[in-house]
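Here are the chains, one letter per residue:
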Amino acid sequence: MNNILLESHSIFGTPDIIETSAYYEQKLGFRAISYLDTQEPHICLYRDSTEIILTDSGGRPVIPNRELYGYGYDAYFITRNQDALQDALEAAGVKFIRKLTDTDYGNRDFVIEDIDGRWIAFGIKQS
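In this text the structure is predicted, and so the values were computed from the model without any measurement. (Residues numbered from 1 in each chain as written. Predicted model: local features only at pLDDT ≥ 70, side-chain atom pairs only at ≥ 80, totals over all residues. Heavy atoms only, no water.)

Q: I keep staring at the pairing of strand β6 (residues 95-102) and nothing clicks. Help me out?
A: Remember that side chains alternate between the two faces of the sheet whenever the strand is regular. The sheet contact formed by β6 and strand β7 (residues 107-113) spans 5 bridges and is antiparallel. Opposite D102, over in β7, you have R108 as the bridge partner. Count of turn residues in the β6/β7 antiparallel hairpin: 4 residues, of which G106 carries a positive phi of about 90 degrees. (Pairing = 2+ DSSP bridges. Helix = DSSP H or I, 4+ residues; strand = E, 2+ residues; numbered from the N terminus.)

Take a look at the structure:
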C-alpha cells in the first residue's frame, strides 16, 4: 500500500471570495479559475503543482489557527528555491511574519500573512 495518497489541496473559506482570489493572483502569483455558478460555488487557485480552493464563508471572518489554538500555520506549502520565492513575494508587497530561516524542527521556511489573516508557511524539510 505504498503511495496511496498523491496530493492535497488547501480549502480556505473567505468572507470575500473575489477579493481573496485577486490577492492570490496579484500578490502570490496564482492563476484563478472561477466556478461561482455551480451548486457549490468556489474558485480554484493554481501555481505550479499547488492548488488552493476558495469557498464563500457567508461573510464570516477567517479565524486563523494561532487565534483558535494559540499557535500554528493555516497552510504549509512544500517549496524549492525559497530565496527566489521570498524575493518575489517581497517585491509584490506581501506581509511577512518571518523571513527565511532554519527552524528548530529541521525545516527551512518563511511565513507570510494573507489578506484574510492566515499564516502560510513556504518551506521544506532539510534532513
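Q: Sorry, what's going on with the pairing of strand β3 (residues 42-47) here?
A: Across 5 bridges, strand β2 (residues 31-35) lies against β3 in antiparallel orientation. Across the sheet, residue S34 finds its bridge partner in β3, namely I43. Hairpin geometry of β2 and β3 is characterised by an intervening segment of 6 residues between the two adjacent antiparallel strands. Connecting β3 to the next strand, strand β4 (residues 50-56), in antiparallel fashion are 2 residues, including D48 with a positive phi near 55 degrees.

Q: Sorry, what's going on with the packing of aromatic side chains here?
A: For any pair of aromatic rings, the description rests on two quantities: the centre-to-centre distance and the angle between the ring planes. Tallied over the entire structure, the rule returns 7 aromatic pairs. Ring geometry for F110 and F122: centres 5.3 Å apart, planes at 25 degrees, overall stacked. Taken together, the residues span a long stretch of sequence, with F110 in strand β7 and F122 in strand β8 (residues 119-125) at a distance of 12 residues. Summarising the burial analysis for this pair, F110 and F122 share the class buried. Within the aromatic cluster, the residues linked to one another by ring pairs are F12, Y23, Y24 and F30. One Lys or Arg, K99, reaches over the ring of F96 and ends 5.3 Å from the middle of that ring. (Phe/Tyr/Trp six-rings, centres within 6.5 Å; stacked < 30°, edge-to-face > 60°. Buried < 20%, exposed > 50% of the residue type's maximum accessible area, 1.4 Å probe, protein only. Lys NZ or Arg CZ within 6 Å of the ring centre and 35° of its normal.)

Q: How should the sheet that holds β4 be read in this particular structure?
A: Backbone-to-backbone hydrogen bonds pair the strands of a sheet. The strands run either parallel or antiparallel. What the 4 strands build is an open sheet, ordered β1-β4-β3-β2; its pairing is mixed. A strand with exactly one partner marks an edge of an open sheet, and here the two such strands are β1 (10-14) and β2. Strand-to-strand, the axes of this sheet are offset by a mean angle of 25 degrees, without reference to chain direction. Two elements, β1 and β4, share 5 bridges in a ladder whose sense is parallel. Each residue of the ladder has a partner; that of G13, found in β4, is T55. (Axes fitted to C-alpha atoms, helices over the stretch in contact; angles between N-to-C directions.)

These values are about where atoms sit, not about what they do.
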